[in-house]
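# Chain and residue survey
This is what each chain is made of:
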Amino acid sequence: MIKRVAIIVLMAGMCVLMHAQGASRDSAQVQSPQPKQTEVYQGTTVRVDLLNPILDLARSGWHTYSAEAAVNARFIYRLFPTIELGYAGAFLQQKDAATPLYNGSGEFVRMGLDINPLKKHPEQRSAMLIGVRVGTGWQKMQTPALLAEVPQGKWIADAWGEIVAGVQVDIYKGFNMGWAVRMKFLFTTNSHDELTTPYYIPGFGYRNTMSWGFNYYLGYTF
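Predicted, not measured: the structure shown is a model, and the values here were computed from it. Per chain, residue numbering runs from 1 following the sequence as it is written. The model is predicted, so local features are restricted to residues of pLDDT at least 70 and side-chain atom pairs to those at 80 or more, both for listing and for counting; the totals for chains, interfaces and linings are taken over all residues. For side-chain calculations, the full set of non-hydrogen atoms in the structure is used, while hydrogens and water are omitted.

### Re the pattern of salt bridges
- A pair is scored as a salt bridge if a Lys or Arg side-chain nitrogen falls within 4 Å of a carboxyl oxygen belonging to Asp or Glu. By the definition in use, this model includes 9 salt bridges.
- R110 is the salt-bridge partner of E162, the closest N and O atoms lying 3.1 Å from each other. Placement of E162 in strand β6 (residues 154–172) and of R110 in strand β4 (residues 102–115) is noted, with a sequence separation of 52 residues between them. With respect to class, E162 is no different from R110; both count as buried.
- Between R182 and E162 there is a salt bridge, and its shortest N-O distance comes to 2.7 Å. A residue pair is termed long-range when its members are at least 10 positions apart, and R182 in strand β7 (residues 175–186) and E162 in strand β6 qualify at 20 residues.
- Taken together, the salt bridges that share partners define one network made up of E68, E84, R110, D114, R133, E162 and R182. A run of DSSP states H or I qualifies as a helix once it reaches four residues; a run of E qualifies as a strand once it reaches two. Both are numbered from the N-terminal end. Here's how the labels work: a residue is buried when its accessible area is under 20% of the maximum for its type, exposed when over 50%, partly exposed in between, all with a 1.4 Å probe on protein chains only.

Written as structure tokens, this is what we have:
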């Protein structure tokens, strides 16, 4: 009889303990929810360069002109795949000359990836950007010597690579501003003959093995 009572009490105690452990696990799950998964995509930004059109107006001698816009998307708070599109050209007219000494203009595109090395934070929209670009520009070029052989001028293309560093700062309700410094390396250094070597390359600048660039952007993030 005593053994039966002891067994019943032991079984009842085990049932109570198992029930208490189950309740404890349920309570822990309620109090400690599973962490939310990180969103992969955080928005797309459209930016317009404000600086270079102003610098073009300030230059003397060579008449240069340019317009440029950029689009980047933000993934996992750190990665910014970017595409930059624009139109640029240069014009040099000697006084009393019948034809320009140089006239070339055309489109350009750059593509690459920026990385934000700052600590990831879901609420932080501003970013430091360090990245690379591959660019190409094509233009219709005219010089007196070239026009003597090709009366309409000739289309030529160039390519280059860039190392880029800058910032993108959120200012008000999706609007942002920022800047970028570019170190450019020309790939097509020996791809043209004497008649078709341009003095100016859209998207790259004055022809040289290495060149520098600077942009100041105003943008909006969707």
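### A look at the confidence of the model for the protein
- On average, residues of the protein carry a pLDDT of 84, and 82% of them reach 70 or more.
- In predicted models, pLDDT denotes the confidence assigned by the predictor to each residue on a 0 to 100 scale. Every residue pair with non-hydrogen atoms within 4.5 Å of one another is taken to be in contact. The model gives residues 1–35 a pLDDT under 50, and that stretch makes 0 contacts with residues more than four places away or in other chains.

### As for the packing of aromatic side chains
- Stacked, edge-to-face and tilted are the three classes for Phe, Tyr and Trp ring pairs, Trp counted by its six-membered ring, which pair at centre distances within 6.5 Å; planes under 30 degrees apart are stacked, over 60 edge-to-face, the rest tilted. Taken as a whole and assessed by the stated rule, the structure comprises 7 aromatic pairs.
- A centroid spacing of 4.9 Å and a plane angle of 65° characterise the contact between F175 and Y220, whose relative ring orientation is edge-to-face. Note that F175 is positioned in strand β7 and Y220 in strand β10 (residues 210–221), a separation of 45 residues in sequence.
- Here F175 falls in the partly exposed class, since its relative accessible area comes to 42%.
- We classify Y220 as partly exposed; its relative accessible area is 31%.
- Considering the side-chain rings of W179 and F214, the 6.2 Å spacing of their centres and the 15° angle between planes classify their relative orientation as stacked. Of this pair, W179 sits in strand β7 while F214 sits in strand β10, placing them 35 residues apart in sequence.
- Its relative accessible area of 36% is what places F214 among the partly exposed residues.
- For R47, the ring lying beneath its charged end belongs to Y217, and the centroid distance is 4.1 Å. By definition, being over a ring means that NZ of Lys or CZ of Arg is both within 6 Å of the ring centre and within 35 degrees of the ring normal.

### Observations concerning the pairing of strand β5 (residues 127–142)
- Each pair of strands is called paired provided DSSP finds at least two bridges between the two strands. Sheet analysis places β4 next to β5, joined by 13 bridges and oriented antiparallel. Looking at β5, one finds that G106 is bridged to Q139.
- Relative to β6, β5 runs antiparallel, the two sharing 15 bridges. Considered in β6, the bridge of T136 is made with A159.

### Remarks on the nonpolar core
- Counting 12 residues, the largest nonpolar core consists of A88, A90, Y102, F108, M141, L146, I156, W160, L186, Y200, I201 and F204.
- Of all the secondary structure elements, the ones that give two or more residues to this core are β3 (79–92), β4, β6 and β8 (200–201).
- In contact with Y102, not counting residues within four places along its chain, are W62, A90, F91, L92, Q139, M141, Q142, T143, P198, Y199 and Y200. We define a nonpolar core as any set of buried Ala, Val, Leu, Ile, Met, Phe, Trp, Tyr and Cys residues linked to one another through side-chain atoms lying within 4.5 Å.

### Quick notes on the layout of surface pockets
- Grid spacing is 1 Å over the protein atoms alone, the probe is 1.4 Å, and a cavity is where that probe fits but cannot get out, while a pocket is an open set with protein on both sides within 12 Å along at least five of seven lines and lining residues have an atom within 4 Å of a point. Grid points are joined across faces, edges and corners, and a volume is the space filled by probe spheres set on the points. Taken as a whole, the largest pocket spans an internal volume of roughly 370 Å³.
- In this structure, the largest pocket is lined by 23 residues; those nearest its centre are N52, R59, K184, F204 and G205.
- Residue contributions to the lining of the largest pocket peak at 5 residues, all from β10.

### Quick word on empty space enclosed by the protein
- For the coordinates displayed, the defined rule picks out 1 cavity of 30 Å³ or more.
- Considering only enclosed or pocket space, the largest cavity measures out at about 70 Å³ in volume.
- In terms of lining residues, the largest cavity is bounded by R47, E84, D114, L129, R133, V164, G166, V167, W179, A180, R182 and Y217.
- Elements with a contribution of two residues or more to the lining of the largest cavity: β5, β6 and β7.

### Considerations on the sheet that holds β7
- With antiparallel pairing, the 8 strands of this closed barrel are ordered in space as β1-β2-β3-β4-β5-β6-β7-β10. The sheet shows a mean angle of 25° between the axes of neighbouring strands, direction not considered.
- As judged from the 12 bridges shared by β6 and β7, these two strands associate in the antiparallel manner. Bridging across to β7, V169 finds its partner in M177. An axis is simply a line fitted to the C-alpha atoms; with a helix, the fit covers only the stretch in contact. Between two such axes, the angle follows the N-to-C directions and lies from 0 to 180 degrees.

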